[in-house]
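# Observations on the model geometry
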Amino acid sequence: METDDKSVTRTDATAYVPPFSTGDGNGDAEVLPVSRWEKWRQYMTSREGWVGNYDYLYLITPNIPPLNRKYKNVNPPFYGLNDEVPILLTLLLGLQHALTMIGSVVSPPLAIAGGAFYLNSDQTQYLVSAAFITTGIATALQVTRLHITRTPLYIGTGLLSVVAPTFDILAVAFNYTGRRYASGTCPVDVDGGKLPCPEAWGAMLGTMLCTVWVQIAMSLVPPRVLDRVFPKVVTGSLLLLIGVYLVGNGMQNWGGSSNCNGGDGFYALCPDTSAPRPLPWGDPRLIGLGFSVFITIIIVEFIGSPIMRSASVIFGLAVGCTISGATGYWSRSQIDATPVGTFLWVHTFKLSVDGALVLPLLILFVCEAVSCMPDILATAEISRVAIDGPEFHSRIQGGVLCDGIGSLISALGTSLPMVSQAGNNGVISLTGCASRRAGWTASIILILMGILGKFGAVFGSMPPSVLGGMQVFLYSTIAVAGVRVLGMVTFTRRNRFILTAALGIGFMDIVTPEWFAQVLAYEGDNVRLEGFLQGVNLIVETPFIIAAVVGVLLNAVLRGDEKDREGEGLPA
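Fair warning: this is a prediction, and the values are worked out from it, not measured in the lab.

Scanning the chain from terminus to terminus reveals 24 helices and 5 strands. Considering the chain as a whole, with its 572 residues, one finds that 55% of them fall into the buried category. Working note: accessible area of the chain is about 24000 Å², and carbon and sulfur atoms make up 64% of it.

Below is the structure:
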């Protein structure tokens, strides 16, 4: 394989020069007439290479008059994919991208460990660390863009396109473990409280390793074909349903934890009776802890500097943790007991394949292959590269393939499936830096965050209410992303019908989850048939999966009439 690293250029596509300075400002590529070694020597040893002329004060200036007067209505200079960015600026922007991703990295493993498989604290903290490490590896692969020799195929987009654990797996995991606890294949205590079920997570990992190949295979399908089979009316509804579904999970944590909502025995109080200050679910003090995170995120967005706004979730968690620690709701015992360093496979899970998971995970990975396409498009557009034609289509192909390989690597590393995200596009827009060097730096920082065991322990030991305040905000952004995709849809009668049917059955699953519980109930002794029917039940009971099935089928069979086609350019 070979990298897609073109010759280094410097561009500046903005008209604004002071107080920033990059390139010659005319947008033309400047090829340096020196050897590669000499160029790197100058870059690593000169003040220009380390600091440059960038106005670093811009990154830390709050958006408060009169402090922001200097930067009002101006944009920073633009650094393209392969531009020479000063080393200090590269480190700062790489850190900024890494901080932006923290919420997306920690939320899925915490939800998986605490809300689905009920893993112990050591395993929970390990899953958070493993998620950071595998995220860093997958992001580095996505940014690098490897060319598969003697083929037209690539691995990666070659953009500052980040990869993080997918939230889509959460709905499948919740429904899967719910069925296992109900059937007795996951343990419960004498009071009916759910005990850790690492065997179920091992079954999910093993089944992911067998089903992720469908996403790798889909990278060979031309993007235009995928777009016809999975139009925006389908992908937008998927994102909307996922966001709405997960907000409910975040609200459970905001109230104290899903375990203690109606729980008894050890979970009679939240988060459990052994907590420093246990309270009933939904107690105003617990709601207040989550609200402190939520409102801090909003305040930082209003008055924060560019680097603060990109890390608003971290500032929200910091405020929530400070308040919970000062008021006695947070114990440091788990952090103190965690080793300083960790890595993949410190904890392992017995791998197996569960037939009930095969169909849902196959559909999930098909959806993952399609749902990343709008995010790659958005990143390409904000990075000022082509958003149509052969080059862009190869970026889509490389992104889908990289997500599949990233999910494969992640499952081998005992972590969650990966998907490309556009959550860092706000950083690119704020800082004007789409350089891949910042992406590589962010990858290294994420891996280091994972190796530092104490870092994962901080998130693993946070009070659920603090995490819930962050999760509700973060999950809501997924629903908003779905609305944004649906905003690109031409609302013809045909598209409105598809959207109504898909969202209707998806919302049924969300508001009344027990509706389909007994549709395909089976009490016979045919193990294979039982596994197949359980898989079908998982599909039916997972909102975004059943909506995807309905949307794709209706999109394939429905045809718009002549009047519908004539009105496509008109508003609904």
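With that settled, the discussion passes to unusual backbone geometry. Here the residue pair P65 and P66 is connected by a cis peptide bond, since its omega of 0° sits within 30 degrees of zero. Within the secondary structure layout, P66 lies in the loop between α3 (57-60) and α4 (87-116). Cis rather than trans, the peptide bond between C270 and P271 has omega equal to -10°. Residue position: P271 is located in the loop between α10 (232-254) and α11 (284-303). Unlike most non-glycine residues, R150 shows phi in positive territory, near 65°. Its location among the elements puts R150 in the loop between β2 (146-147) and β3 (154-155). Given the relative accessible area of 84%, R150 is considered exposed. A positive phi angle, near 145°, is found at S257, a position not held by glycine.

Where α4 meets helix α19 (residues 453-460), the closest approach of the two axes is 11 Å, and the angle between their N-to-C directions is 65°. The orientation of α4 relative to α19 falls into the category roughly perpendicular. In this structure, α4 crosses over α19, and the sense of that crossing is right-handed. Contacts between α4 and α19 pair I102, V106 and L110 from the former with F455, F459 and G460 from the latter. In terms of residue class, the contact of α4 with α19 is made up of 5 nonpolar, 1 polar and no charged.

Once that is clear, we can look at α11. Helix length check: α11, at 20 residues, gives a terminal C-alpha distance of 28 Å against a target of 28 Å (1.5 Å per residue), a fit within 8%. The complete set of buried residues in α11 reads L286, L289, G290, S292, V293, T296, I297 and V300. Buried residues in α11 make contact with α10, α12 (306-310), α13 (312-326) and α20 (464-486). The opening residue of α11, the one whose side-chain oxygen lies 2.9 Å from the backbone nitrogen of R285, is D283.

Let us look at the state of the cysteines. The final tally for this structure, using the stated rule, is 2 disulfides. Covalent S-S linkage joins C186 and C197, the inter-sulfur distance amounting to 2.0 Å. Handedness of the C186-C197 disulfide follows from its S-S torsion of about -70°: it is left-handed. In this pair, C186 is assigned in the loop between α6 (168-183) and α7 (198-211) and C197 in the loop between α6 and α7, connecting sequence segments 11 residues apart. Each member of the pair, C186 as well as C197, is classed as buried. Here C260 is linked by a disulfide to C270, with a sulfur-sulfur distance of 1.8 Å. The S-S bond linking C260 to C270 shows a torsion near 105°; that makes this disulfide right-handed. Within this pair, whereas C260 is found in the loop between α10 and α11, its partner C270 is found in the loop between α10 and α11, the two being separated by 10 residues in sequence. Since its relative accessible area comes to 3%, C260 is described here as buried. For C270, a relative accessible area of 1% corresponds to the buried category. Should the bonded cysteines of the chain be numbered as they appear in the sequence, the pairing reads 1-2, 3-4. A disulfide-free cysteine, C402 has its sulfur positioned 9.7 Å from the sulfur of C372, the nearest such atom.

A separate point is the environment of D283. By the secondary structure assignment, D283 is in the loop between α10 and α11. The class for D283 is buried, based on a relative accessible area of 12%. Each C-alpha atom of the pair D283 and G256 lies 7.9 Å from the other, and the pair is 27 residues apart in sequence.

Time to look at the pattern of salt bridges. Using the criterion set out here, one finds 8 salt bridges in the structure. The partner of R285 in a salt bridge is D283, with the nearest N and O atoms 3.0 Å apart. Since its relative accessible area comes to 43%, R285 is described here as partly exposed.

Here S415 is to be found in the loop between α16 (390-412) and β5 (418-421). If sequence neighbours within four positions are ignored, S415 has contacts with A130, A131, T134, W201, L205, M208 and S410.

On the surface, I64, L67, I298, I299, F302 and I303 cluster together into a nonpolar patch covering about 530 Å² of accessible area. Mapping L67 onto the fold places it in the loop between α3 and α4.

Before going further, it helps to spend a moment on the packing of aromatic side chains. Summed over all chains, the structure comprises 13 aromatic pairs. Taken together, a centroid distance of 5.5 Å and an interplanar angle of 70° make the contact between F132 and F455 edge-to-face. Residue F132 is located in helix α5 (residues 121-144), and its partner F455 is located in helix α19; the two are separated by 323 residues in the primary sequence. Accessibility expressed as a relative area gives 0% for F132, which makes it buried. An aromatic cluster of at least three residues, connected via ring pairs, comprises Y54, Y56 and Y79. Over the ring of F78 we find R384, and its NZ or CZ is 4.0 Å from the ring centre.

Grouped together as the largest cluster of nonpolar side chains are 134 residues, with contacts concentrated most on I112, F117, I169, L170, W201, M204 and M208. Apart from the residues lying within four places of it in its own chain, the contact partners of W201 are I112, F117, L127, M208, F349, T414, S415 and L416.

Burial along β5 is two-sided: the face carrying M418 and S420 and the face carrying V419 and Q421 are both buried. Pairing of strand β4 (residues 162-165) with β5, which is carried by 4 bridges, proceeds in the antiparallel orientation. If you follow A164 over to β5, its bridge partner there is V419.

With that settled, consider the confidence of the model for the chain. Per-residue confidence for the chain gives a mean pLDDT of 85; residues scoring 70 or more make up 89%. Looking at the elements of the chain, mean pLDDT is at its lowest for helix α24 (residues 562-566), recorded as 53, and at its highest for α7, recorded as 96. Below pLDDT 50 for its whole length, residues 6-29 participates in 53 contacts with residues either more than four positions away or in separate chains. Considering only residues more than four positions removed or in separate chains, one finds that residues 566-572, a stretch of pLDDT under 50, has 4 contacts.

Quick notes on the rules
Residues numbered from 1 in each chain as written. Predicted model: local features only at pLDDT ≥ 70, side-chain atom pairs only at ≥ 80, totals over all residues. Heavy atoms only, no water. Helix = DSSP H or I, 4+ residues; strand = E, 2+ residues; numbered from the N terminus. Buried < 20%, exposed > 50% of the residue type's maximum accessible area, 1.4 Å probe, protein only. Areas by Shrake-Rupley, 256 points an atom, 1.4 Å probe, with all protein chains shown as cover. Axes fitted to C-alpha atoms, helices over the stretch in contact; angles between N-to-C directions. Parallel < 35°, antiparallel > 145°, perpendicular 65-115°, else oblique. Left-handed = near helix turned anticlockwise from the far one by under 90°. Contact = heavy atoms within 4.5 Å. Nonpolar A, V, L, I, M, F, W, Y, C, P; charged D, E, K, R; others polar. Expected span 1.5 Å × (residues − 1). Polar contact = N/O pair within 3.5 Å; in protein donor to acceptor, adjacent residues only side chain to side chain. Disulfide = S-S within 2.5 Å. Salt bridge = Lys/Arg side-chain N within 4 Å of Asp/Glu carboxyl O. Patch = residues over 30% accessible without salt bridge, like charges linked within 9 Å, V, L, I, M, F, W, Y side chains within 5 Å. Phe/Tyr/Trp six-rings, centres within 6.5 Å; stacked < 30°, edge-to-face > 60°. Lys NZ or Arg CZ within 6 Å of the ring centre and 35° of its normal. Core = buried A, V, L, I, M, F, W, Y, C linked by side-chain atoms within 4.5 Å. Pairing = 2+ DSSP bridges. pLDDT = per-residue confidence, 0-100.

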